[in-house]
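So the chains spell out like this:
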Amino acid sequence: MKFFLDSANLNEIEEIASFGLLDGVTTNPSLVAKENGQKNFKTIIKKICKIAKGPVSAEVISTDYKGMIKEGEELAKIDKNVVIKLPMTKNGIKATSYFAKKKIPVNVTLIFSCSQALLAAKAGAAYVSPFVGRLDDISSNGMSLISDLSEVFLNYGFITEILVASIRNPIHIVESAKLGADVATLPYSVIMQLFNHPLTDIGIEKFLKDWNNK
Ligand code: G3P
């Protein structure tokens with residue numbers, strides 16, 4: 001399973017890369033705005049690409065087809081690792097087909113149903129981003145969407161990767177891994193949670209205590 005960091009914060013990206021755990025990065029307009037990056041969006045993406053050395057999703061702001069193509073083409077020029085992130089709309093799917101024909105990878109975002117993911121895969125998306133946490137938030141079941149997608153993509157041999165997004169806790173990651181999801185995009189705080197187990201801390205403390213008593 002590949003680990004992407006869901007962040008536009010350069011310090012966080014550098015830290016996760018330093019562990020050797022970073023396979024890629026996903027950003028979205030909210031994450032870029034959190035870093036006050038609206039005006040220097042392209043510079044931020046360029047810097048992220050330098051650190052990440054793997055796929056970096058950069059999302060378009062346009063909602064019309066022509067605007068998506070123009071923005072996407074500009075973003076694709078930033079670095080060979082840029083993945084154009086497009087929303088799951090009619091225009092987004094049309095633009096996905098356009099970029100897929102040009103062999104430019106697309107991540108279709110804001111996926112909340114199996115039917116939406118099927119459209120994105122058929123249009124040639126490199127990744128689909130199902131938002132598990134936001135489904136859980138409305139008392140739906142995010143993980144059952146991942147299970148459905150795994151089954152459907154396997155049935156037809158789609159090469160589109162399932163990129164689990166809107167992850168809120170370690171259980172989302174473990175469940176996604178059990179279901180064979182290709183990628184999990186994790187907020188920094190959740191990656192940090194993955195390290196922890198109280199028995200590890202107790203174990204280290206005991207080993208050191210025993211060592212020093214001898
Ligand atoms: O990047 C898309 C997704 O991961 C957003 O997550 O927590 O805003 O629902 P969240």
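Please refer to the structure higher up on the page.
Residues numbered from 1 in each chain as written. Predicted model: local features only at pLDDT ≥ 70, side-chain atom pairs only at ≥ 80, totals over all residues. Heavy atoms only, no water.

A. Geometry of the overall build of the protein chain. When helices and strands are counted, the protein chain shows eleven helices and eight strands. A compact globule built from 214 residues would reach a C-alpha radius of gyration of about 17 Å, and the protein chain, at 19 Å, matches this within 12%. Principal-axis analysis of the C-alpha atoms gives the protein chain an extent of 70 × 40 × 30 Å. Split into buried and exposed, the 214 residues of the protein chain put 45% on the buried side. (Helix = DSSP H or I, 4+ residues; strand = E, 2+ residues; numbered from the N terminus. Rg over C-alpha atoms; globule rule 2.2 N^0.38 Å. Buried < 20%, exposed > 50% of the residue type's maximum accessible area, 1.4 Å probe, protein only.)

B. Quick look at the nonpolar core. Membership of the largest hydrophobic core comes to 56 residues, with the highest contact counts inside it found for Ile 45, Leu 75, Val 82, Ile 84, Leu 86, Val 108 and Ile 167. Ranked by residue count, the leading element in this core is helix α3 (residues 41-52), at seven residues. When residues no more than four places from it in sequence are discounted, the contact partners of Leu 86 are Val 60, Met 68, Gly 92, Ala 95, Thr 96, Phe 99, Val 106, Asn 107, Val 108 and Thr 109. (Core = buried A, V, L, I, M, F, W, Y, C linked by side-chain atoms within 4.5 Å. Contact = heavy atoms within 4.5 Å.)

C. View of helix α6 (residues 114-122). When α6 is considered as a whole, its buried residues turn out to be Ala 117, Ala 120 and Ala 121. One side of α6 holds all its buried residues, which, seen down the axis, span an arc of 100 degrees. Contact partners of the buried residues in α6: α5 (90-101), β5 (106-111), β6 (127-130) and α8 (142-156). Directly after α6, the chain includes Gly 124, whose backbone phi takes a positive value near 100 degrees. (Arc of directions from axis to C-beta.)

D. Spatial organisation of the packing of aromatic side chains. Tallied over the full model, the rule gives six aromatic pairs. A centroid spacing of 5.2 Å and a plane angle of 50 degrees characterise the contact between Phe 19 and Phe 195, whose relative ring orientation is tilted. With Phe 19 in the loop between α1 (10-18) and β2 (24-26) and Phe 195 in helix α10 (residues 188-195), this residue pair connects regions lying 176 residues apart in the sequence. Exposure remark for Phe 19: the relative accessible area of 40% places this residue in the partly exposed category. In this structure Phe 195 comes out as partly exposed when scored by relative accessible area, which is 46%. A connected cluster of aromatic rings, assembled from ring pairs, spans Phe 153, Tyr 156 and Phe 158. A cation over an aromatic ring shows up here: Lys 94 above the ring of Tyr 65, its NZ or CZ 4.7 Å from the ring centre. (Phe/Tyr/Trp six-rings, centres within 6.5 Å; stacked < 30°, edge-to-face > 60°. Lys NZ or Arg CZ within 6 Å of the ring centre and 35° of its normal.)

Purely spatial values, then, with no claim about function.
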